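One letter stands for each residue in the lines below.
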Amino acid sequence: MAGTGRRVVVEAFGESPMEALENHVKVVAQAAPDPADLAPDDVIVAVRSAAVGWVDLLMTSGQYQHMATVPYTPGLEYAGDVIWAGPSATQKVGDRVLADGILTGPRSIGAHRKWGGFASYAVAPTAALRTLPPAWTYDQGACLLGNYETAYHCLIARGKLTAADTVLVHGASGSTGLAAVHIAKMVGATVIATGRNVDKLARVAEQGADHTVRVGDDVDMRAEVKDLTGGKGVDVVYDGVGGPISAASLRCVKFGARYLVVGWAATPFVAKGRGQRGAPNANQLPTNLIMMKGLDVLGCPTVITTHHDPSVRTERLAAIEAWIAQGVLTPFVERAYAFDELHEAMWAKWKSLHVGGCVLHPDP
Ligand SMILES: NC(=O)c1ccc[n+]([C@@H]2O[C@H](COP(=O)([O-])OP(=O)(O)OC[C@H]3O[C@@H](n4cnc5c(N)ncnc54)[C@H](OP(=O)(O)O)[C@@H]3O)[C@@H](O)[C@H]2O)c1
């Protein structure tokens, strides 16, 4: 199979994602994989679009809980065209597919861990590829599973969200945060979205949030949320931000509310970024409020839960597929970067410049 492209390689972990980007992330030539080296159920995908995810950034500094080994190619999730399929594969040449980041790529376990989506070519086992919905772009396909599976696991599997609930979504402009806004609205809940930037919040409102609250040192979030909820507070908090906003959130809730611990976008350097014990931890919840308000504080690690019990995926994938079939679930991708704009793309993700998805287009 002739063909030459390029791929990104993380040669060593950095002190931070941006330090890794400056010193350890390289772009190198990539020959098309040789089918003679592949397994009968392997598939070669010409990658058209790869999500630039928060986890992709964290991994470059060695601080994600499930680490690739260097050197590796980032790109947990991607979409593209099948250009070769082994004899046992269910796909055929020309199929438009999206990759399941749990079953292939840097976050997966096993032989396909080295094949990330920041590359012209990726190899995935047939079971890790799903058909791209016909009306969708490659960009949308690259921004589906991780975001919507996370939002589903947190809001539905853990949070038991219903149409009667009001949910406060922190980090609502982010990739998983916007998916949470979409899923909460599909369930019929009322959504209060928070963020630091009014322009981005306006775009989150266009995506369905009922109310938006700008957060910052000059804003009384409790007063605003109480105002929006008739003084009652919210039923559910979806917290993908962490840090100071977490404790403040416990003053915005009803008695018996569910508080969903989703992530820590605000504190990426907790534990010096390497998970050492004893380092200061910015995520501290006041136990007095948890006690007195009778709160359920729920840890929501989607992939870890799935590794413990793979059967939990069946229900959520079925729900996501049903929403896609009904035409009510469409990932929002605000910005696509050319491969030569790799640094700009990773910097933009680091600085939270975009609403929803941010993707990279490898060389054709
Ligand atoms: N539980 C799970 O299974 C799971 C799965 C995937 C990801 N995560 C985690 O969830 C978190 C969010 O992921 P994501 O993919 O949505 O990230 P993302 O796309 O980078 O979005 C995070 C959002 O958080 C806000 N934010 C960032 N830094 C902040 C700060 N210093 N203070 C306040 N707000 C800040 C930003 O919104 P504004 O700029 O609008 O304020 C940003 O859009 C990450 O920690 C990620 O590791 C968890």
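The structure displayed is predicted, hence computed values, not measured ones.

J.: What am I meant to see in the sheet that holds strand β9 (residues 190–195) here?
T.: Strand pairing in a sheet relies on backbone hydrogen bonds, with the paired strands running either antiparallel or parallel. Sheet architecture is open: 6 strands sit in the order β10-β9-β8-β11-β12-β13, paired in parallel fashion. What marks the edges here is a single partner per strand, and that holds for β10 (211–214) and β13 (296–299). Direction aside, neighbouring strands of the sheet carry axes that sit 20° apart on average. For β9 and β10, the ladder comprises 4 bridges, and the chain directions are parallel. Residue pairing in the sheet places Gly195 in a bridge with Arg214 of β10. On the sheet, helix α5 (residues 175–187) packs against β8 (166–170), β9 and β11 (234–239) and is oriented at approximately 170° with respect to β8.

J.: Sorry if this is basic, but what is going on with the site of the ligand here?
T.: In the region of the ligand, 25 residues are neighbours, and Gly171, Gly174, Gly195, Gly263 and Thr302 sit closest. Elements with a minimum of two residues in the shell around the ligand: α2 (54–59) and α5. Sorting elements by how many residues they give to the shell around the ligand places α5 first, with 3 residues. Here the residues of the shell around the ligand are counted per class, giving 9 nonpolar, 14 polar and 2 charged. Each of two domains, domain 1 (4–144 + 331–361) and domain 2 (147–305), supplies a minimum of three residues to the shell around the ligand.

Calculation notes
- Residues numbered from 1 in each chain as written.
- Predicted model: local features only at pLDDT ≥ 70, side-chain atom pairs only at ≥ 80, totals over all residues.
- Pairing = 2+ DSSP bridges.
- Helix = DSSP H or I, 4+ residues; strand = E, 2+ residues; numbered from the N terminus.
- Axes fitted to C-alpha atoms, helices over the stretch in contact; angles between N-to-C directions.
- Contact = placed C-beta atoms within 7 Å.
- Near = placed C-beta within 6 Å.
- Nonpolar A, V, L, I, M, F, W, Y, C, P; charged D, E, K, R; others polar.
- Domains from an automatic or database assignment.

In short, the description is geometric, and any link to function would need to be established separately.
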